[in-house]
Amino acid sequence: MRLYLKKFFVVGLVSLFIISVMLFYNGNEGPIVNKSVKVEDIETRINKLEEMMDNQLTESGKLLQMVVERIREKKEGPQAEGEVNYLRAPDVGKAESKGTVLPVLVIACDRVTVKRCLDNLIKFRPSKETFPIIVSQDCGHNATYQVIRSFTDADPSITVVRQPDLSEIPLERTNIKYKGYYKIARHFKFALNHVFKTLGHEAVIIVEDDLDISPDFYEYFQGTYPLLLKDSSIWCVSAWNDNGKKQLVDLSRPELLHRTDFFPGLGWMLRADSWAELEPKWPKAFFDDWLRDPVNTRARACIRPEISRTYSFGKAGVSKGLFFDNHLRYIVLNSDFVEFTKRDLSYLLKENYDHNFTKYVYSLPESTAEEVMAGAAPGPAARVAYSNPKTFHKAAKRLGLMDDFRSGIPRTAYQGVVQCKVKDRRVYLAPDFVWTQYDRTWE
Ligand code: UD1
Ligand code: MN
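Let me begin by describing the structure that accompanies this report. Owing to the predicted nature of the structure, the values given are computational and were not obtained by experimental measurement.

**Description of the state of the cysteines**
This structure, assessed with the given rule, holds two disulfides. Each disulfide pairs two cysteine sulfurs, and for Cys109 the partner residue is Cys139, the sulfurs being separated by 2.0 Å. Judged by the sign of its S-S torsion, about -100°, the cystine formed by Cys109 and Cys139 is left-handed. Here Cys109, found in the loop between β1 (104–108) and α3 (114–123), pairs with Cys139, found in the loop between β2 (133–137) and α4 (142–154); they are 30 residues apart in sequence, far enough to count as distant. Under the relative-accessibility criterion, Cys109 is labelled partly exposed at 23%. A relative accessible area of 33% means that Cys139 is categorised as partly exposed. Within the protein, bonded cysteines paired by disulfides and numbered along the sequence follow the pattern 1-2, 3-4.

In structure tokens:
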């Protein structure tokens, strides 16, 4: 299909060019070779021709967009009137999550700095009843346990549970360096089973012990919870924007949220029924990358914010400090308070979002990453096209975006499109072919 489309456009462009040239030669003003024609005239004509070509390119973009939609419709089948495909209930509107208990699960190990995390969780917590805090501690580190106990002793809405299996995990020699990731996966499995199976909660917000939270962290999860209930194409809500550096986000839009196919982690909400699906096949290590494989999440999406609601201060961690120094430390933590529970978030529902998203992205004028960075792209929003991993890497690097893939998915991508706000312009790094699914050979 990709080849076919390309051919279609090439043939279109060539025909247009020939027609333009013919018109040009047959025009009232005579052929271009006429010696009486001034250089300025020729320039004007060339400019006109360029303009026509530009218009044609824009038209081609629109055409491509129409083709994309038709293919989608064919694939998914036409929507029967009144039928809402991805919803369990017809409208979300504002959050109606009164009475919902959303426990916060804190994953701790051997860092006494869990105090910083707990202090913030308490500082911004609007209700002890709605948001009980459950600390799960791995690693058997006594000093850390004592810190946690100082919180649980003072407040009965904070509890602690200890991961009982502290045995060494037998590993092949080549995997010994990944031991930490095996332990983390084992601990998450225990902790989530504790929350869902032992305590019987409906949903959970997972926080690692090296995360700070924004003032509206609870409001964010409470406000988005109805999406998780009503849109079965969403399996998680995350507080994290992987491309959340200040030069890549719109700091004037803290209320803006997006759908993403890339699991962001780092402060995220999960429902009991999703855990019931994931638990039997839970991996032995690298659970976060495992959750980025569409095979494991049935290719469902997550919600993520324009501006992160968590900040990682964990320089000394299992993945060491390099990632922190090069990347994590630059992610902006939101400081405004957005009343998400009072906002209409129905634009994030699949049936509303997808159609508008593709239509909008492919209606935008195409620019290069260089033009965007030079502030030379036209209009308030631009589309930068990529066609393969190489052109993706190149454009992503130029724009300052993360350029890695997991299971073929770029960070923050939705249906192949990565968006950011750069140099005062919203930019969509988008496939120049009809996207239907991620290609896991892309890396
Ligand atoms: C990285 C990810 C993290 C993910 C983890 C799993 C970032 C910034 N961090 O961990 O989100 O969960 O990979 O692949 O991308 N822990 C235990 N037992 C241990 C060691 C650690 O429970 O034996 C806990 C820690 O308390 C923490 C979490 O696991 O809550 C992650 O550990 P950390 O040391 O922070 O590793 P990262 O490199 O950040
Ligand atoms: Mn960490």
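**Digging into unusual backbone geometry**
Even without being glycine, Gln415 reaches a positive phi, approximately 45°. With respect to the helices and strands, the residue Gln415 is situated in the loop between β14 (409–410) and β15 (418–422). Positive phi outside glycine occurs at Asp424, with the angle close to 65°. Tracing the chain through its elements places Asp424 in the loop between β15 and β16 (425–431). Look at Asp424 and you get exposed, because its relative accessible area is 71%.

**So, the site of ligand 1**
Neighbouring ligand 1 are 20 residues, the closest being Arg111, Asp138, His187, Glu208 and Ser319. Within the side chain of Asp138, one N or O atom sits 2.7 Å away from a nitrogen atom of ligand 1. Listing elements by their share of the shell around ligand 1, those giving two or more residues are β1, α5 (179–198) and α8 (287–290). Sorting elements by how many residues they give to the shell around ligand 1 places α5 first, with four residues. Each residue belonging to the shell around ligand 1 can be placed in one class, and the counts come to ten nonpolar, three polar and seven charged.

**Focus on the environment of Val384**
Structurally, Val384 is set in strand β12 (residues 381–386). On a C-alpha basis, the gap between Val384 and Glu370 in space is 9.7 Å, while along the polypeptide they are 14 residues apart. Once you skip the residues sitting within four places of it in the chain, Val384 turns out to touch Ser367, Thr368, Ala369, Val372, Ala395, Val427, Tyr428, Leu429 and Ala430.

**Re the sheet that holds β12**
Taking strand neighbours across the sheet as the criterion, the four strands line up as β11-β12-β16-β15 in an open arrangement whose pairing is mixed. Where the open sheet ends on each side, the last strands, each with one partner, are β11 (366–367) and β15. As paired elements, β12 and β16 share six bridges and run parallel to each other. Within the sheet, the bridge partner assigned to Ala382 lies in β16 and is Val427. Seen against the sheet, helix α11 (residues 350–361) touches β12, β15 and β16 and runs at an angle of roughly 95° to β16. Against the sheet, helix α13 (residues 389–399) engages β12, β15 and β16, with an angle of about 170° to β16.

What counts and what doesn't
- Residues numbered from 1 in each chain as written.
- Chains lettered and ligands numbered in written order.
- Predicted model: local features only at pLDDT ≥ 70, side-chain atom pairs only at ≥ 80, totals over all residues.
- Heavy atoms only, no water.
- Disulfide = S-S within 2.5 Å.
- Helix = DSSP H or I, 4+ residues; strand = E, 2+ residues; numbered from the N terminus.
- Buried < 20%, exposed > 50% of the residue type's maximum accessible area, 1.4 Å probe, protein only.
- Near = heavy atom within 4 Å.
- Polar contact = N/O pair within 3.5 Å; in protein donor to acceptor, adjacent residues only side chain to side chain.
- Nonpolar A, V, L, I, M, F, W, Y, C, P; charged D, E, K, R; others polar.
- Contact = heavy atoms within 4.5 Å.
- Pairing = 2+ DSSP bridges.
- Axes fitted to C-alpha atoms, helices over the stretch in contact; angles between N-to-C directions.

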